[in-house]
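Here's the letter readout for the chains.
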Amino acid sequence: MINNYTDILSFDKKHLWHPYTSMTNPLPVYCVESASGVHINLASGESLIDGMSSWWSVIHGYNHPTLNNAVVEQTKKMAHVMFGGLTHKPAVDLAQRLVNLTPAGLDKVFLADSGSVSVEVAIKMAYQFWQAKGQHKKTRLLTVKNGYHGDTFAAMSVCDPVNGMHHMFENVMQQHLFAPAPQTRFEQDFDESELTSLTALFEQHHQSMAALIIEPIVQGAGGMRIYHKDYLKACRALCDKYDVLLICDEIATGFGRTGKMFACQWADITPDIMCLGKALTGGYMTLAATITTQQVADTISESEAGCFMHGPTFMGNPLACAVANASLSLFEQDDYLSKIAAIESQLKNNILPLKSHPRVADTRVLGAIGVVETHQPVNMANIQAHFVSQGVWIRPFGKLIYIMPPYVATSADLNALTSAIASALDQDNCFSAS
Ligand SMILES: *Cc1c(COP(=O)(O)O)cnc(C)c1O
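The rules we used
Residues numbered from 1 in each chain as written. Predicted model: local features only at pLDDT ≥ 70, side-chain atom pairs only at ≥ 80, totals over all residues. Heavy atoms only, no water. Helix = DSSP H or I, 4+ residues; strand = E, 2+ residues; numbered from the N terminus. Rg over C-alpha atoms; globule rule 2.2 N^0.38 Å. Contact = heavy atoms within 4.5 Å. Areas by Shrake-Rupley, 256 points an atom, 1.4 Å probe, with all protein chains shown as cover. Lys, Arg positive; Asp, Glu negative; His and termini not counted. Charge placed at Lys NZ, Arg CZ, Asp CG, Glu CD. Near = heavy atom within 4 Å. Polar contact = N/O pair within 3.5 Å; in protein donor to acceptor, adjacent residues only side chain to side chain. Nonpolar A, V, L, I, M, F, W, Y, C, P; charged D, E, K, R; others polar. Domains from an automatic or database assignment. Buried area = accessible area lost by both parts, 1.4 Å probe. Salt bridge = Lys/Arg side-chain N within 4 Å of Asp/Glu carboxyl O. Core = buried A, V, L, I, M, F, W, Y, C linked by side-chain atoms within 4.5 Å. Buried < 20%, exposed > 50% of the residue type's maximum accessible area, 1.4 Å probe, protein only.

Asker: Break down the overall build of the protein chain for me, with residues and values.
Answerer: What the protein chain contains, in helices and strands, is 14 helices and 16 strands. Radius of gyration (C-alpha) of the protein chain: 22 Å, near the 22 Å computed for a compact globule of 434 residues. Partitioning the intrachain contacts of the protein chain with sequence separation of at least 6 by distance along the chain shows that 70% fall at a separation of at least 24. Carbon and sulfur atoms provide 54% of the accessible area of the protein chain, an area that totals close to 18,900 Å². If the 29 positive side-chain charges of the protein chain are averaged to one point and the 39 negative ones to another, these points end up 1 Å apart.

Asker: Pulling in residues and values, what's your account of the site of the ligand?
Answerer: Taken together, Ser114, Gly115, Ser116, Tyr148, His149, Gly150, Glu215, Asp249, Ile251, Ala252 and Lys278 are the residues near the ligand. Gly115 places a main-chain nitrogen or oxygen 2.9 Å from an oxygen atom of the ligand. In the complex, 82% of the free accessible area of the ligand, which totals 380 Å², lies under the protein chains. Residue composition of the shell around the ligand, by class: three nonpolar, five polar and three charged.

Asker: Can you break down the domain arrangement of the protein chain residue by residue, with the values?
Answerer: Each domain of the protein chain was delimited in the assignment, giving domain 1 (31-63 + 335-430) and domain 2 (67-333). In this structure, domain 1 and domain 2 have C-alpha centres spaced 27 Å apart. Across the contact, 27 residues belong to domain 1 and 30 residues belong to domain 2. Across the interface of domain 1 and domain 2, roughly 2,300 Å² is buried in total on both sides, 65% from carbon and sulfur atoms. Among the residues of domain 1 in contact with domain 2, Trp56, His60 and Leu366 are the three that bury the most area, contributing 31% of the side total. Inspection of the region where domain 1 meets domain 2 yields one salt bridge. For Asp362, the salt bridge identified is with Arg185, shortest N-O distance 3.0 Å. Counting every contact that joins domain 1 to domain 2 gives 13 residue pairs in polar contact (both at pLDDT 80 or more). Among the elements of the structure, helix H2 (53-56), helix H12 (336-351), strand E13 (360-366), strand E14 (369-374) and strand E16 (400-403) are those that each provide at least two residues to the side of domain 1 that touches domain 2.

Asker: Could you give an account of the nonpolar core, with specific residues and numbers?
Answerer: Of all hydrophobic cores here, the largest spans 106 residues; its most connected members are Phe202, Tyr231, Phe255 and Ile401. In terms of residue count, helix H11 (residues 318-333) provides more of this core than any other element does, nine residues in total. In terms of domain composition, this core takes at least three residues from each of domain 1 (31-63 + 335-430) and domain 2 (67-333). Non-local contacts of Phe202, meaning those with residues more than four positions away in its chain, are made with Leu142, Met209, Leu212, Leu238, Cys239, Tyr242 and Val244. The next biggest cluster of nonpolar side chains, apart from the first, holds 28 residues, and it includes Phe129, Val158, Ala211 and Phe308.

Structure below.
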């Protein structure tokens, strides 16, 4: 047993992979002992205000009594049972909540184990739907550049072709269609001309297209870009016109992050298939959902296959469903959307003016998301150390310094986060030389 945190770090360095990190020459990691509310407490003694919600997921903060209790109580009943031939109240309650919360028409729920898997499930649903209709040529996907949909193979094949992992897996990945990334910003007047190439792709390829997959309003890990609602409306209209299914990947944007419960509500559209994940369990454990319409579900079920071909071992895990139910009931009890609106106005006040800093190329804010895009890429090890010295946890990538704090962050917490970003901009060693 290793107890001392320096030994933990040295074992970690030798034996544990971290996300997108070299095993031979890893960047430093920090050892966490506990976390509570908005604070991540390091074994080395520092307490950091969390600006990342552990990758968009910990919306109510850490160690939340209601969520803790949901896990404990469910553990006493059963931690897990298989979902083949069995069901349980936590899964049924969750499905009921999701059907009620999501736009009308989305009412058939598939519980998956992670965001990437829910994207695989969505894509398989689209394929099986067209197969059931005898449209065997409809096997390609259309998406937009700068997207991110996960790390498994089908998900990866619709990530941005340049900043994603395409170059390494080209020969073993299906080749899909890419439209330019949406251009008009959220707050600008919509420029109709940006629909020309998207429309042309539909006209040319609709007979071979199964679905358009897109992150609604906010493109997350593929560039933290925030685009106009009319672009999303046009996606819906083009899918209808050309008989293509629309998959909205709300894994990052769902549950209030953009200021609406779901980002597709900015455009008043309903996708044919919606993926949810990340914040679904309040960040307690991995769980995702793929929700579709009766039409898609019935078409697949009445096909020769007779069923949808997917069924993970931990499908509908009761612990995960129980904590997701508790998370959604917190959402119902408190007026979260007005909390998020208050976070948005403070982030706008604090972050948008950073645009005048010589190191900054752009700033943008929507809901509880704040982004500072710099001219030069960050020096990861140095900027991370700087943030820790300022008492915050912010993890940038490339030229993007961004925060998506837990919704329970106070005004003082938000000021600490944005001041830390402002101070990092003045540190030469936090950026790579041009
Ligand atoms: C994080 C993310 C995924 C992948 O989810 P995992 O749980 O990491 O597999 C897919 N799509 C979007 C938009 C995401 O942000």
